[in-house]
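Analysis of the macromolecular model
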Amino acid sequence: MTGKSAEHPQRLQHLLTLADLPQTTLLALLERAGEFLAPPGKPARRYDLLDGKTVANLFFEPSTRTRTSFELAARRLGAEVVTLDMAFSSTVKGETPLDTFHTLQAMNVDLFVVRHREAGVPQTLAQHALPQVHVVSAGEAHVSHPTQGLLDVFTIRRHKKKFDKLAVAIIGDVRHSRVARSAVQALHTLGTRDIRFAGPAELLPEDLDGEQFTNPDKALAGADVVMMLRIQKERMQAGLIPDEHEYFQRYGLDATRLKLARADAIVMHPGPMNRGVEIAAEVADGPQSVIREQVSNGVAVRMAVLATLMGT
Amino acid sequence: MTGKSAEHPQRLQHLLTLADLPQTTLLALLERAGEFLAPPGKPARRYDLLDGKTVANLFFEPSTRTRTSFELAARRLGAEVVTLDMAFSSTVKGETPLDTFHTLQAMNVDLFVVRHREAGVPQTLAQHALPQVHVVSAGEAHVSHPTQGLLDVFTIRRHKKKFDKLAVAIIGDVRHSRVARSAVQALHTLGTRDIRFAGPAELLPEDLDGEQFTNPDKALAGADVVMMLRIQKERMQAGLIPDEHEYFQRYGLDATRLKLARADAIVMHPGPMNRGVEIAAEVADGPQSVIREQVSNGVAVRMAVLATLMGT
Amino acid sequence: MTGKSAEHPQRLQHLLTLADLPQTTLLALLERAGEFLAPPGKPARRYDLLDGKTVANLFFEPSTRTRTSFELAARRLGAEVVTLDMAFSSTVKGETPLDTFHTLQAMNVDLFVVRHREAGVPQTLAQHALPQVHVVSAGEAHVSHPTQGLLDVFTIRRHKKKFDKLAVAIIGDVRHSRVARSAVQALHTLGTRDIRFAGPAELLPEDLDGEQFTNPDKALAGADVVMMLRIQKERMQAGLIPDEHEYFQRYGLDATRLKLARADAIVMHPGPMNRGVEIAAEVADGPQSVIREQVSNGVAVRMAVLATLMGT
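In this report, the structure presented in the accompanying data block is examined. Quantities reported herein were computed from a predicted structural model and do not represent experimental measurements.

Quick look at the overall build of chain A
Of regular secondary structure, chain A possesses 12 helices and 9 strands. Scaling as 2.2 N^0.38, a compact globule of 312 residues should have a C-alpha radius of gyration of about 20 Å, and chain A matches this with 19 Å. If you line up chain A on its principal axes, its C-alpha atoms span 55 × 45 × 35 Å. Expressed as a percentage of its 312 residues, the buried residues of chain A come to 64%. Considering only contacts within chain A whose residues lie at least 6 apart along the sequence, 74% involve residues at least 24 apart. By element, 49% of the accessible surface of chain A is carried by carbon and sulfur atoms, the whole surface being about 11500 Å². Charged side chains of chain A number 36 positive and 36 negative; the gap between the two group centres comes to 5 Å.

Quick notes on the interface of chain B and chain A
With 29 residues of chain B in contact, the opposing surface of chain A contributes 29 residues. It is Gly41, Thr64 and Arg75 of chain B that lose the most area in chain B upon contact with chain A, and together they represent 20% of the buried surface on that side. Joining chain B to chain A, the criterion identifies 4 salt bridges. Ionic pairing is found between Glu80 of chain A and Arg75 of chain B, a salt bridge with its closest N-O pair at 2.6 Å. Where chain B packs against chain A, one counts 14 residue pairs in polar contact (both at pLDDT 80 or more). Those elements giving two or more residues to the side of chain B that touches chain A turn out to be α2 (65-76) and α12 (291-309) of chain B. Broken down by class, the residue content of the side of chain B that touches chain A amounts to 12 nonpolar, 7 polar and 10 charged.

A closer look at the sheet that holds strand β1 (residues 54-59) of chain B
Residues and elements named next belong to chain B. Reading across the sheet, the 4 strands line up as β2-β1-β3-β4 and stay open at both edges, with parallel pairing between neighbours. In this open sheet, the two strands that pair with only one neighbour each are β2 (80-85) and β4 (134-140). When the angles between neighbouring strand axes are averaged without regard to direction, this sheet yields 15 degrees. Where strand β3 (residues 111-116) lies against β4, 5 bridges are found, and the strand directions are parallel. Of the residues in β4, the one forming a bridge with Leu111 is His134. Strand contacts of α2: β1, β2, β3 and β4, with the helix running at about 175 degrees to β1, the strand carrying the most contacts. Sitting on the sheet, helix α3 (residues 97-106) is in contact with β1, β2, β3 and β4, with an inclination near 160 degrees to β3.

Here's the deal with the relation of the copies chain C and chain A
The two copies are related by a screw operation: chain C maps onto chain A through 120 degrees of rotation and 0.0 Å of translation along the axis, at an RMSD of 0.0 Å. On the angle and the small slide along the axis, the relation comes out as a three-fold axis. By residue overlap, the copies meet through two different surfaces: only 3% of the interface positions of chain C are interface positions in chain A.

Regarding the sheet that holds strand β2 (residues 80-85) of chain C
All names here are of chain C. Taken in spatial order, the 4 strands line up as β2-β1-β3-β4 in an open sheet, and their pairing is parallel. Bordering the open sheet on either side are β2 and β4 (134-140), each of which pairs with just one other strand. Strand-to-strand twist across the sheet, computed as the mean angle between neighbouring axes with direction ignored, equals 15 degrees. Here 6 bridges tie strand β1 (residues 54-59) to β2, and the two strands are oriented parallel to one another. Residue pairing for β2: Phe59 is matched across the bridge by Asp85. Along the sheet, helix α2 (residues 65-76) contacts β1, β2, β3 (111-116) and β4; its crossing angle with β1, the most-contacted strand, is approximately 175 degrees.

With respect to the nonpolar core
Counting 83 residues, the largest nonpolar core has Leu58 and Phe112 of chain B together with Leu150 and Ile170 of chain C as its most contacted members. With residues up to four places along the chain from it excluded, the contact list for Leu150 of chain C reads Leu15, Leu18, Leu26, Leu29, Leu30, Val301 and Val305 of chain C.

Overview of the side chain of Thr103 of chain B
When you line up the elements, Thr103 of chain B lands in helix α3. For Thr103 of chain B, a relative accessible area of 9% translates into the label buried. Discounting residues that sit within four places of it in the chain, Thr103 of chain B has contacts with Glu95 of chain B together with Arg65 and Val295 of chain C.

Describing the packing of aromatic side chains
Residues and elements named next belong to chain A. If you walk through the whole model with that rule in mind, you get 9 aromatic pairs over all chains. Considering the side-chain rings of Phe101 and Phe112, the 4.4 Å spacing of their centres and the 45 degrees angle between planes classify their relative orientation as tilted. Here Phe101 is found in helix α3 (residues 97-106), whereas its partner Phe112 is found in strand β3 (residues 111-116), with 11 residues between them in sequence. The class for Phe112 is buried, based on a relative accessible area of 0%. For the pair Tyr247 and Tyr251, a centre-to-centre distance of 5.1 Å together with 45 degrees between the ring planes defines the contact as tilted. Of the two residues, Tyr247 and Tyr251 are both situated in helix α9 (residues 244-251); the distance of 4 residues between them amounts to about one turn of the helix. Judged by its relative accessible area of 1%, Tyr247 is buried.

Notes on the interface of chain C and chain A
Across the boundary between the two partners, chain C contributes 29 residues, which contact 29 residues of chain A. A buried area of about 2500 Å², summed over both sides, lies between chain C and chain A, and 51% of it is on carbon and sulfur atoms. Linking chain C with chain A are 4 salt bridges. Put simply, Arg46 of chain A and Glu80 of chain C hold a salt bridge, and the shortest N to O gap is 3.4 Å. For the pair chain C and chain A, the interface holds 14 residue pairs in polar contact (both at pLDDT 80 or more). When contributions to the side of chain C that touches chain A are tallied by element, the ones reaching two or more residues are β2 and α3 (97-106) of chain C. Within the side of chain C that touches chain A, the residues separate by chemical class into 12 nonpolar, 11 polar and 6 charged.

Let's talk about the packing of helix α5 (residues 146-157) of chain A against helix α6 (residues 178-189) of chain A
Any two packed helices are characterised by how steeply their axes cross, that is the angle between the axes, and by the distance between the axes. Residues and elements named next belong to chain A. Two elements in contact, α5 and α6, have axes whose closest approach is 8 Å; the angle formed by their N-to-C orientations is 55 degrees. What the angle tells us is that α5 and α6 run oblique. Considering the relative orientation of α5 and α6, their crossing is right-handed. From α5, Pro146, Gln148, Gly149, Asp152, Val153 and Ile156 reach across to α6, where they touch Val179, Ser182, Ala183, Ala186 and Leu187.

Here we look at unusual backbone geometry
In this chain, Gly271 of chain B is followed by Pro272 of chain B through a cis amide linkage whose omega measures -10 degrees. Take Pro272 of chain B: it is sitting in the loop between β9 (266-268) and α11 (281-284). Although it is not a glycine, Asn108 of chain A sits at a positive phi angle of roughly 65 degrees. Along the chain, the position of Asn108 of chain A falls in the loop between α3 and β3. Phi is positive for Ala141 of chain B, close to 45 degrees, though the residue is something other than glycine. Locating Ala141 of chain B in the fold gives a position in the loop between β4 and α5 (146-157). The buried category is assigned to Ala141 of chain B, whose relative accessible area is 13%.

Brief notes about the relation of the copies chain B and chain A
Between chain B and chain A, which share one sequence, the superposing operator has a rotation angle of 120 degrees and an axial displacement of 0.0 Å; the RMSD is 0.0 Å. Take the interface residues of chain B: only 3% of them recur as interface residues in chain A, which is what a contact between different surfaces looks like.

Section: the pairing of β3 of chain B
All names here are of chain B. By the criterion of burial, β3 is predominantly enclosed, with 6 of the 6 residues buried. Summarising the sheet, β1 and β3 pair through 5 bridges and their orientation is parallel. Looking at β3, one finds that Val55 is bridged to Leu111. At this point the chain moves from β3, through helix α4 (residues 121-127), to the parallel β4, and the crossover so formed is right-handed.

The rules behind each value
- Throughout, residues of each chain are indexed from 1 in the direction in which the sequence is written.
- Lettering of chains starts at A and numbering of ligands starts at 1, both following the order in which they are written.
- Where totals are concerned, whole chains, interfaces and linings use all residues; where local detail is concerned, this predicted model gives features only for residues with pLDDT of at least 70, and gives and counts side-chain atom pairs only at 80 or more.
- As a rule here, side-chain values come from all non-hydrogen atoms in the structure, and water together with hydrogens is ignored.
- Helix and strand assignments come from DSSP, with helices taken as H or I runs of at least 4 residues and strands as E runs of at least 2, each series counted from the N terminus.
- Computation of the radius of gyration draws on C-alpha atoms alone. For the globule rule, the value is 2.2 Å times the number of residues to the power 0.38.
- Between buried and exposed lies partly exposed: a residue is buried under 20% and exposed over 50% of the maximum accessible area for its type, with that area taken using a 1.4 Å probe on protein chains only.
- It only takes one pair of heavy atoms within 4.5 Å for two residues to be counted as in contact.
- To be clear on the numbers: accessible area is Shrake-Rupley with a 1.4 Å probe, and residue cover counts the displayed protein chains and nothing else.
- For the charge count, each Lys or Arg is scored as positive and each Asp or Glu as negative, with His and the chain ends excluded.
- For charged residues, the charge sits on one atom: NZ in Lys, CZ in Arg, CG in Asp, CD in Glu.
- Summed over both partners, the accessible area lost on bringing two parts together, with a 1.4 Å probe, is the buried area.
- Here a salt bridge means any side-chain nitrogen of Lys or Arg lying within 4 Å of a carboxyl oxygen belonging to Asp or Glu.
- Whenever two N or O atoms come within 3.5 Å, that pair is a polar contact, provided that in protein one can donate a hydrogen and the other can accept it, and provided that, for residues adjacent in sequence, both atoms are side-chain atoms.
- The nonpolar class holds Ala, Val, Leu, Ile, Met, Phe, Trp, Tyr, Cys and Pro. Asp, Glu, Lys and Arg form the charged class, and all remaining residues, Gly among them, are polar.
- Whether two strands pair comes down to DSSP finding at least two bridges between them.
- Where helices are involved, their axes are fitted lines through C-alpha atoms of the stretch in contact, as for all axes, and angles between N-to-C directions lie from 0 to 180°.
- Here the copies are matched by least squares. The fit uses the C-alpha atoms of residues with pLDDT of at least 70 in both.
- The term nonpolar core refers to a set of buried residues drawn from Ala, Val, Leu, Ile, Met, Phe, Trp, Tyr and Cys, joined through side-chain atoms within 4.5 Å.
- Aromatic rings from Phe, Tyr and Trp, taking only the six-membered ring of Trp, are treated as a pair when their centres fall within 6.5 Å; an angle between ring planes under 30 degrees marks them as stacked, one over 60 as edge-to-face, and anything in between as tilted.
- By the definition adopted for this analysis, an angle is roughly parallel if under 35 degrees, roughly antiparallel if over 145, roughly perpendicular if from 65 to 115, and oblique otherwise.
- Put simply, a crossing is left-handed when the front helix is turned counterclockwise from the back one by less than a right angle, and right-handed when it is turned clockwise.
- Whether a crossover is right-handed depends on one test, that the path from the first strand over the helix to the second runs clockwise when the strands point away from the viewer.

Dropping the structure here:
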């Protein structure tokens, strides 16, 4: 559900997934993000597009990076931002996310940025939104992380010409990755067909189209784009994957392994990185890395999403 | 102590309780709140009445809802807001609330919103306030929650004509409820005499005028207003009240029980709600519920309090 | 390293220590702070010097007071502020402070306020700052707390004429005190030579020039300035110092002991205070105390630092 309102079939009301986002809408968001992009090391420009609007960051799962990215995006557009770190909130125990949502909606919050570890929560909230209120998913279980998917294809587009010619390798715990799911959906929409997944067998996805490899070298061969995923250390404790050292040996991206990809391949990571586990420091900081660009692009993409949903 | 300053006997300096707030002052606050009220689903209007002023949210007890309500109220009036979540602050262990207050006052904070689980803290801080500095209680032990009391009578006034004809039933842990105390004070000021309390015998109040019932049905009979209180689950663990299921059976407000009240009775709850414990979902979301209105009204009432105290 | 940039040898890029800050630069900061100082009990003036700039409060160690002081300083200059309380952030476990810094820098943060319990972190971040990005230390291990040192000498200067004639007694856990280190550096720069340290033998510094006493009375004799340091209760648990009562008897500043200093001596404390441990309430709140002034001055000094670093 992308939440098209009945009156304006072309207008997004919510952004909950990239699964059914039309290509034209996706491209319009990328174009708009390009206008908001600020050069590194310079002050970001401030806009008044959302003056007088209130954005609530409603995080039921802890986050520092995504929360800050949304917070800066909203403030640079002129909105007021309130952040509710529900993961640490003891007072609302027993209150449902929907009650919290209704409470904030009653306080005239205009747009909700929602992260929750259970599937379906952003959709439920969106179904209860008043006609002029918007919901953006900032991460939903293993299912979806649409602004991350947008920033990923935005980043690729700044380096690669044609999406339909791209070979993209996604390596790590793909099965549990909302980042991978949203990226794959956006890539499909833009015409990319050659998508390869690599990782431990138990962590390869069952629901995603693409070639699957337990040997990352095969996925990397000739790739234009290498997306490394953050490994959750809890999965090591659960015995699902080997220890850090062994994981790095088998699946980690070091300079040697990266040579299997195309010479002009770009290296991506959604962050935060476990250096020396899924990625070597030399690669993370190396010339092919676009990891910091992804972060900059994330703010611009989120500004585009917020401004577009709010119809400005 | 409502904190009238010596120079302006009519002017409020602090809002710590509703116990001795004159009727004219209370009505003026309600009138003003009406001007600030924003329609649901629309962006809230922004004012510049408090431009350049600094409001500190000084919460020694965790809160999400009240803190956010005050934060939005202050920002929509143009103030800067700093929030100090002292419940989670380990660095100031050993520092008294008064030292924290003096520190912030030295940083030119103009108004303090204070919540503390001990009685007397807001008063102590107010006694040490510089002449142009204001203190608003956002909840003091079991004693007082004046802005909640104001929003409750503001909400009632939007639905009911004459306060002196009203029958109000307050049901739950009235004994430990600052919400009930402040509501009762405001109702008394506005002329309401028929106030009934219901709940487990150990949780009925010893210090409040009104009829007391252990059977909620008797309190509900013919009531115009039904205020359900949040039950603290800690009291169940302490054995003071039965378990959730039994509590709901005996005291919870479901559709059947609500029929004992007048057909046009309104149902209130300060939130956050324990659905299925003190209130059934069908009632909380039903046509007689004004629970979400209370939340909207809370922001408007707090804007009125902040603007009035600051003399704008 | 004070972080002079190559192009502008006179211009500060970062403020990491006071150790090598030239006297002219230090005096210019104090002058500027004087312009920003707001009278107690009045609204602080708001400036637009940093409009459109983003300041990140990056606290790897919990803080309420210093964080709030920097937050208000930045906002009163017109900057946007994002606060990252990394001490409570579980999501970025395993991410290095440098990765967090790069992430925020990629989000076009213009100035970082950094506190970390390990030595060297602010320097490391400053070394990786883009040319127009600034780093201010808000506390580095036991090493440095430069804005505290500035506010201390700013406070002294408002009460005492000549720094070269001053006798300054610093009492408490000097060995582990970044406050003491930065104050001593600033005092040296301004010409103060008579600096005395007093405290338990194990807590006297090995790396600071000055007379050392285990009897605080000897340090206090004829002092113009008395700086009491906060005692960390953890050191009592570790057996390094006696219990609270005995500590107060031996090293605490009460009215009797204060009489050993000059009659016009001022009493300072960086806060938060342990009343009845390192300082008696009667002294903390007495006529010679400038402790609240220090707090007010702290905001003004931080405004001066932020505005100066940002070249406005």
